[in-house]
Amino acid sequence: NLLSHDGGRTWDVILSNLVNLGYKVFHKVIDAAHFVPQHRERIFIVCFDPKVFGDDPPFRFPELPEKKPAFRSILEENPASKYTLSDHLWDYLQAYAQKHKEAGNGFGFGMTNLDGVARTLSARYYKDGSEILIPQPRRNPRRMTPREAARLMGFPDQLPIVVSDTQAYKQFGNA
């Protein structure tokens, strides 16, 4: 939300400082959903020094793929049962969401559409996994496995995960 933070004033200060330093500035908000099945918008800022690249550098952001990968493409075939939410946690999350819905708030869990994209993975995913839940037939939903979280962030399966699940979720959520 850098472009809209503080009514756009934060971005205006950054942009004007870069321009005052002499840079030719290009910026674009890109959603990672074009590359991984996750809604994760980030701003990319590319600057050129005209003394090196001239007044009109030949830059443009690349075209984004039209077809977005589906969330199901990152899923493991047989995840361990420890990733399925307990009845207690699932009941709590549903009651919490209902309470906030009745109050007119948007808080709650995120049941992921397997043919769509997930919400943004955060470093707090280790707490309850509620922002990205995976539906399971005839069972409570489940959290992603650390390997699925790695895939959601675009990491290859060859990347070893050498930390606990908690640390892995924190690291991938901050990646």
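Refer to the structure printed above.
Since the structure is predicted, the reported quantities are computational estimates derived from the model, not experimental observations.

Scoring rules and cut-offs
- Starting from 1, residues in each chain are numbered consecutively following that chain's sequence as written.
- Selection of residues for local features in this predicted model requires a pLDDT of at least 70, selection of side-chain atom pairs for listing and counting requires 80 or more, and totals for whole chains, interfaces and linings are taken over all residues.
- Think of the side-chain values as coming from all heavy atoms in the structure, minus any hydrogens and water.
- Whether a set of points on the 1 Å grid over the protein atoms alone is a cavity depends on a 1.4 Å probe fitting there but being unable to get out, while an open set qualifies as a pocket with protein on both sides within 12 Å along at least five of seven lines; lining residues are those with an atom within 4 Å of a point.
- Grid points are joined across faces, edges and corners, and a volume is the space filled by probe spheres set on the points.
- Helix numbers and strand numbers start at the N terminus; a helix is a DSSP run of H or I with at least 4 residues, a strand a run of E with at least 2.
- Each residue is assigned to one of three groups, with Ala, Val, Leu, Ile, Met, Phe, Trp, Tyr, Cys and Pro labelled nonpolar, Asp, Glu, Lys and Arg labelled charged, and all others, Gly among them, labelled polar.
- In what follows, salt bridge is the name for a side-chain nitrogen of Lys or Arg lying within 4 Å of a carboxyl oxygen of Asp or Glu.
- Accessibility here uses a 1.4 Å probe with only protein chains present; expressed as a share of the type maximum, an area under 20% marks a residue as buried, one over 50% as exposed, and anything in between as partly exposed.
- The span you would expect from a helix comes to 1.5 Å times its residue count less one.

A. Region of the structure containing the layout of surface pockets. A volume near 220 Å³ is recorded for the largest pocket. Every element with two or more residues in the lining of the largest pocket is listed here: strand S3 (134–136) and strand S4 (139–142). Considering every element that reaches the lining of the largest pocket, the biggest residue donor is S3, with three residues. Looking at the lining of the largest pocket residue by residue, the class counts come to six nonpolar, one polar and five charged. Lining the second largest pocket, in full, are Asn1, Leu2, Leu3, Val29, His39, Arg40, Glu41, Arg42, Ile43 and Thr120.

B. The pattern of salt bridges, seen in detail. Summed over all chains, the structure comprises seven salt bridges. For the salt bridge of aspartate 165 with lysine 82, the shortest nitrogen-to-oxygen distance reads 3.5 Å. Of this pair, aspartate 165 sits in helix H6 (residues 165–174) while lysine 82 sits in the loop between helix H2 (50–53) and helix H3 (87–102); the two residues are 83 residues apart in sequence, bridging distant segments of the chain. For lysine 82, a relative accessible area of 53% translates into the label exposed. Taken together, the shared-partner salt bridges in this structure form one network comprising Arg124, Asp128 and Glu131.

C. Region of interest: unusual backbone geometry. At aspartate 6, a residue that is not glycine, the phi angle is positive and equals roughly 55°. Among the residues examined, aspartate 6 registers a relative accessible area of 43% and is labelled partly exposed. A positive phi angle, close to 60°, is found at arginine 138, a residue other than glycine. Residue placement: arginine 138 occurs in the loop between S3 and S4. According to the relative accessible area criterion, arginine 138 is exposed, its value standing at 80%.

D. Layout of helix H1 (residues 9–20). Taking 1.5 Å as the rise per residue, H1 with 12 residues should run 16 Å; its terminal C-alpha atoms sit 16 Å apart, in good agreement. Positioned one or two residues after H1, glycine 22 has a phi angle of 100°, which is positive.

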